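Architecture and fold: a report
Now for the letters of each chain:
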Amino acid sequence: MTHPFLDLAPLSAARFASVEDRVARLLGTRQDVVIMQGEALLPLEGAIRGTAGPGTTALNVITGPYGRTFGDWLRDCGATVIDLAVPFHTAVTAEQIRAAFAEHPEIGFVSLVHAEAATGNTNPVAEIGEVVKEHGALFYLDAVASVGAEPVLPDAWGVDLCVIGAQKAMGGPAGVSAVSVSERAWARMAANPKAPRRSYLSLLDWKERWVDGGRKALPHAPAQLEMLALEACVERIEADGLETVMARHASAAATRAGAVALGAGLEPYVHEAREAAPVATTLRAPAGAVASELVARALTGDPALPLAAGGGALAKEMIRVNHYGADATPGAVRSSLTALGAALAERGLAADLPGALRAAERAWR
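Residues numbered from 1 in each chain as written. Predicted model: local features only at pLDDT ≥ 70, side-chain atom pairs only at ≥ 80, totals over all residues. Heavy atoms only, no water.

Counting across every chain of the model gives six aromatic pairs. Arranged with centres 5.5 Å apart and planes meeting at 80°, the rings of Phe16 and Trp210 form a pair that is edge-to-face. Of the two residues, Phe16 sits in helix H1 (residues 13-27) while Trp210 sits in helix H8 (residues 203-211), which places them 194 residues apart along the sequence. In this structure Trp210 comes out as buried when scored by relative accessible area, which is 0%. Among the aromatic residues, ring-to-ring pairing joins Phe70, Trp73, Phe109 and Tyr140 into one connected group. (Phe/Tyr/Trp six-rings, centres within 6.5 Å; stacked < 30°, edge-to-face > 60°. Helix = DSSP H or I, 4+ residues; strand = E, 2+ residues; numbered from the N terminus. Buried < 20%, exposed > 50% of the residue type's maximum accessible area, 1.4 Å probe, protein only.)

Quick look at the structure:
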């Protein structure tokens, strides 16, 4: 059996490197960019295991579920971890980071999630980066959800390890991901005896076998279809213009205004609009209603709508509208509000759908 996807010529090292270069331009970085052959959890874990170990004191910021995962990895590496947890309905502040350094001047590593698609908040990375830079700590950032939806600038913000994935705001594949690595992050890995080597998690293997060799020979066969999809995704962003793509995501946050106008007890989960991520609007279900049940009812008419209940314990109280990538459109916002309005009305809750649609239209920039 033949198929166009099965009969492609092997992906060359030069083409692989060219995709890395285009990702670097997207991030405005001069750091090395390595595209890893797996979902973003691969470089997220690999970067922590490469740079942290016994003797590392890490400030791990928790504004959602991924921050908790990073803390687990750091402890597993033998690092001393100081968790800075804030309520999921808000963002961390630069002042809180500064206070943590004042209390623990030994901190040498900071881990942070930029935008939390799972909880709908976004953190002020530029301001936090200034504080981290003042104290000379290594700065690790999960920008998987934020890239393409809001600025992600590793060099300008002093980020040493910036991990991105294409499957959210970039509107691309989930099977490959990338990380930008600063010179001092490479040096930290080289000095870490516990950094993964001869491992799928190893960034040092990529450096020695790929980057240091001038990117002439790939260390292993690439995920060809995913790489081609990533290339097409970046081409589309370049054609539209990154500013245009980010503006579309910012406009999709009109979902928040529509949900407020919808009423029926529905409320924004993130209290302050300035702390709400442009990739997803999270909503608190009305008193007495179960979020997962409302979402299931809303999806009966169109299962493809970008609606989901919160994960884990949040499934009872949180509704998430994932307006990223192909769903950062007025149509997706209107359809999501309409489906939620119908689900609320079925429960006998007075939802003002016409008012919600007007509010969302006015808020769309």
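From this point, the narrative continues.
Taking 1.5 Å as the rise per residue, helix H3 (residues 65-76) with twelve residues should run 16 Å; its terminal C-alpha atoms sit 17 Å apart, in good agreement. Those residues of H3 that fall on the buried side of the exposure criterion are Gly67, Phe70, Gly71, Trp73 and Leu74. One side of H3 holds all its buried residues, which, seen down the axis, span an arc of 165°. Turned more than 90 degrees away from the buried face of H3 sit Asp72 and Asp76, all of them exposed. (Expected span 1.5 Å × (residues − 1). Arc of directions from axis to C-beta.)

By the criterion of burial, strand S7 (residues 138-142) is predominantly enclosed, with five of the five residues buried. Of the two faces of S7, the one holding Leu138, Tyr140 and Asp142 and the one holding Phe139 and Leu141 are both buried throughout. Relative to S7, strand S4 (residues 109-113) is paired through five bridges, and the arrangement is parallel. Each bridged residue has a counterpart across the sheet, and for Leu112 the counterpart in S7 is Leu141. When S7 meets strand S8 (residues 161-165), the two strands line up parallel, connected through three bridges. Bridged to Leu141 within S8 is Cys162. (Pairing = 2+ DSSP bridges.)

Okay, the sheet that holds strand S2 (residues 57-62) next. What the seven strands build is an open sheet, ordered S1-S9-S8-S7-S4-S2-S3; its pairing is mixed. The open sheet has two edge strands with one neighbour each: strand S1 (32-36) and strand S3 (80-85). The sheet shows a mean angle of 15° between the axes of neighbouring strands, taken without regard to direction. (Axes fitted to C-alpha atoms, helices over the stretch in contact; angles between N-to-C directions.)

Attention now moves to the nonpolar core. Side chains of nonpolar character tend, in soluble globular proteins, to be buried together. Ile35, Ile97, Tyr140, Leu161, Ile164 and Met170 are the most contacted members of the largest nonpolar core, which totals 81 residues. Considering each element in turn, this core owes the most residues, eight residues, to H1. The residues contacting Ile35, other than those within four sequence positions of it, are Phe16, Val19, Glu20, Val23, Val176, Ser177, Ala178, Trp206, Met227 and Leu230. Listed in part, the 26 residues of the second largest apolar core include Ala264, Ala298, Ala339 and Leu344. (Core = buried A, V, L, I, M, F, W, Y, C linked by side-chain atoms within 4.5 Å. Contact = heavy atoms within 4.5 Å.)

So, about unusual backbone geometry. One non-glycine residue, Arg198, lies in positive phi territory at about 50°. In this fold, Arg198 is placed in the loop between helix H7 (183-190) and H8. Residue Arg198 is classed as exposed on the basis of its relative accessible area, which comes to 75%. Positive phi, close to 60°, is recorded for Ala264, a residue that is not glycine. By secondary structure assignment, the location of Ala264 is in the loop between helix H11 (254-262) and strand S10 (267-268).

Our focus in this paragraph is the side chain of Thr90. Checked against the element boundaries, Thr90 lands in the loop between S3 and helix H4 (94-103). In this structure Thr90 comes out as buried when scored by relative accessible area, which is 17%. Side-chain polar atoms of Thr90 contact the side chain of Glu275, separated by 2.9 Å. (Polar contact = N/O pair within 3.5 Å; in protein donor to acceptor, adjacent residues only side chain to side chain.)

Let's shift gears to helix H14 (residues 353-363). For H14, the set of buried residues is Gly355, Ala356, Ala359 and Ala360. The buried residues of H14 occupy one face: seen down the axis, they fall within an arc of 130°. The exposed residues of H14 that point more than 90 degrees off its buried face are Glu361 and Arg362. For H14, the secondary structure elements touched by its buried residues are H11 and helix H13 (330-346).

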